[in-house]
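Close look at the chain arrangement
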Amino acid sequence: MRGVTHLVIGLFVALLILEFTDVNSLALVIIVLVASLLPDIDERHSLIGRKFLLVGWFSRHRGFFHSVYPAVIFSLVMLVFSNMFYASAFFLGYFIHLVFDAMTRSGISFFMVGKKVKGLFRTGGIVDYLLFFIFLVLSILLIL
Ligand SMILES: [Zn+2]
């Protein structure tokens, strides 16, 4: 799935969290947005991968970074430096990226064992653009 689609889904998730909590935090939005992009650090041409080329050279795309392990590891690090709320928000943002990538034809392996979980739509295809549009509209509705 395209980075901008992950970004707008992350934005929607962050706004949804803000809708149902008393927290009014720009930090929360930033944390979820970063988490929603982070798995693609293993793809050298992705929005975030372009900033961390070394990672893309040394890890397979949709390998380790597209499993639950880094989601847990990064969330635990986040817990050490912040609190459970932000750590959970980070995990949620990261995990949702994995869920939406699992819906694509390329798929992902959540635990890096066994067959990949694969879906029906293509990254950059019509469903990808449709999801971007739907989550953009939903995000705007939450802001209004
Ligand atoms: Zn991805």
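The structure contained in this document is the topic of the report that follows. What you see is a predicted model; the values in this text were computed from it and never measured. (Residues numbered from 1 in each chain as written. Predicted model: local features only at pLDDT ≥ 70, side-chain atom pairs only at ≥ 80, totals over all residues.)

**Here's the deal with the overall build of the chain**
Put simply, the rule reads: To qualify as a helix, a DSSP run of H or I must reach at least 4 residues; to qualify as a strand, a run of E must reach at least 2; elements of each kind are numbered from the N terminus. The quantity called the radius of gyration is restricted to C-alpha atoms. Its globule counterpart is 2.2 Å times the number of residues to the power 0.38. With C-beta atoms placed from the backbone, a residue is buried if 20 or more other C-beta atoms are within 10 Å of its own, exposed if 12 or fewer are, and partly exposed between those counts. What counts as a contact here is a pair of residues whose C-beta atoms, placed from the backbone, lie within 7 Å.
Along the backbone of the chain there are six helices and zero strands. N-terminal to C-terminal, the α/β element order of the chain is α-α-α-α-α-α. Taking 15 Å as the expected radius of gyration for a compact globule of 144 residues, we find that the chain reaches 15 Å, a close match to that expectation. Going through the 144 residues of the chain one by one, you find that 31% of them count as buried. Sequence-distant contacts in the chain: of pairs separated by 6 or more residues, those separated by 24 or more amount to 52%.

**Let's talk about helix 2 (residues 26–37)**
Our working definition: Expected span of a helix, by definition, is 1.5 Å for each gap between consecutive residues, and there is one gap fewer than residues.
An ideal rise of 1.5 Å per residue puts 16 Å on 12 residues; helix 2 measures up with 17 Å between its terminal C-alpha atoms. Buried within helix 2 we find Leu28, Ile31, Val32, Ala35, Ser36 and Leu37.

**Some remarks on the nonpolar core**
For clarity, the threshold we go by: Put simply, a nonpolar core is a cluster of buried Ala, Val, Leu, Ile, Met, Phe, Trp, Tyr and Cys residues tied together by C-beta atoms within 7 Å.
Of all hydrophobic cores here, the largest spans 27 residues; its most connected members are Val32 and Tyr94. When contributions to this core are tallied by element, the ones reaching two or more residues are helix 1 (3–20), helix 2 and helix 5 (84–102). If near-sequence neighbours (up to four positions away) are discounted, Val32 is found in contact with Gly10, Val13, Ala14, Ala89, Leu92 and Gly93.

**A short note on the packing of helix 1 against helix 5**
For the record, the criterion: Fitted lines through C-alpha atoms serve as axes, helices being fitted only where they are in contact, and the angles separating the N-to-C directions of these axes extend from 0 to 180 degrees. Any angle from 65 to 115 degrees is called roughly perpendicular, while one under 35 is roughly parallel, one over 145 is roughly antiparallel, and all others are oblique. Helix crossings are classified by the rotation of the near helix relative to the far one: an anticlockwise turn of less than a right angle makes the crossing left-handed, while a clockwise turn makes it right-handed.
Here helix 1 crosses helix 5 at 140°, and the two axes come no closer than 10 Å. The pairing of helix 1 with helix 5 is recorded here as oblique in orientation. For helix 1 against helix 5, the interelement crossing comes out right-handed. On helix 5, the residues touching His6, Ile9, Gly10, Val13 and Ile17 of helix 1 are Ala89, Leu92, Gly93, Ile96, His97 and Phe100.

**Considerations on helix 1**
Counting along an α-helix, one turn takes 3.6 residues, and residues three or four places apart therefore face a common direction. Between its terminal C-alpha atoms helix 1 stretches 26 Å, which fits the 26 Å expected from 18 residues at 1.5 Å a residue. Residues Thr5, His6, Leu7, Val8, Ile9, Gly10, Leu11, Phe12, Val13 and Ala14 constitute the buried set of helix 1. On its buried face, helix 1 is in contact with helix 2, helix 5 and helix 6 (126–143).

**Focus: unusual backbone geometry**
Although it is not a glycine, Arg62 adopts a positive phi angle of roughly 60°. Here Arg62 lies in the loop between helix 3 (53–58) and helix 4 (68–81). Note on Arg62: 21 C-beta atoms within 10 Å, which makes it buried. Even without glycine at this site, Met112 takes up a positive phi of about 60°.

**Some details on the packing of helix 1 against helix 6**
This is how the line gets drawn: In this classification, the charged set is Asp, Glu, Lys and Arg, the nonpolar set is Ala, Val, Leu, Ile, Met, Phe, Trp, Tyr, Cys and Pro, and all remaining amino acids, among them Gly, are polar.
Put simply, helix 1 and helix 6 touch, their axes get as near as 9 Å, and they point 30° apart. With respect to helix 6, the axis of helix 1 lies roughly parallel. Crossing hand, helix 1 versus helix 6: left-handed. Residues Val4, Thr5, Val8, Ile9, Leu11, Phe12, Leu15, Leu16 and Glu19 of helix 1 form the contact with helix 6, whose own contacting residues are Asp128, Leu131, Phe132, Phe135, Leu136, Leu138, Ser139, Leu142 and Ile143. A class-by-class count of the residues in the contact of helix 1 with helix 6 yields 14 nonpolar, two polar and two charged.

Any functional reading would require information that these geometric values do not contain.
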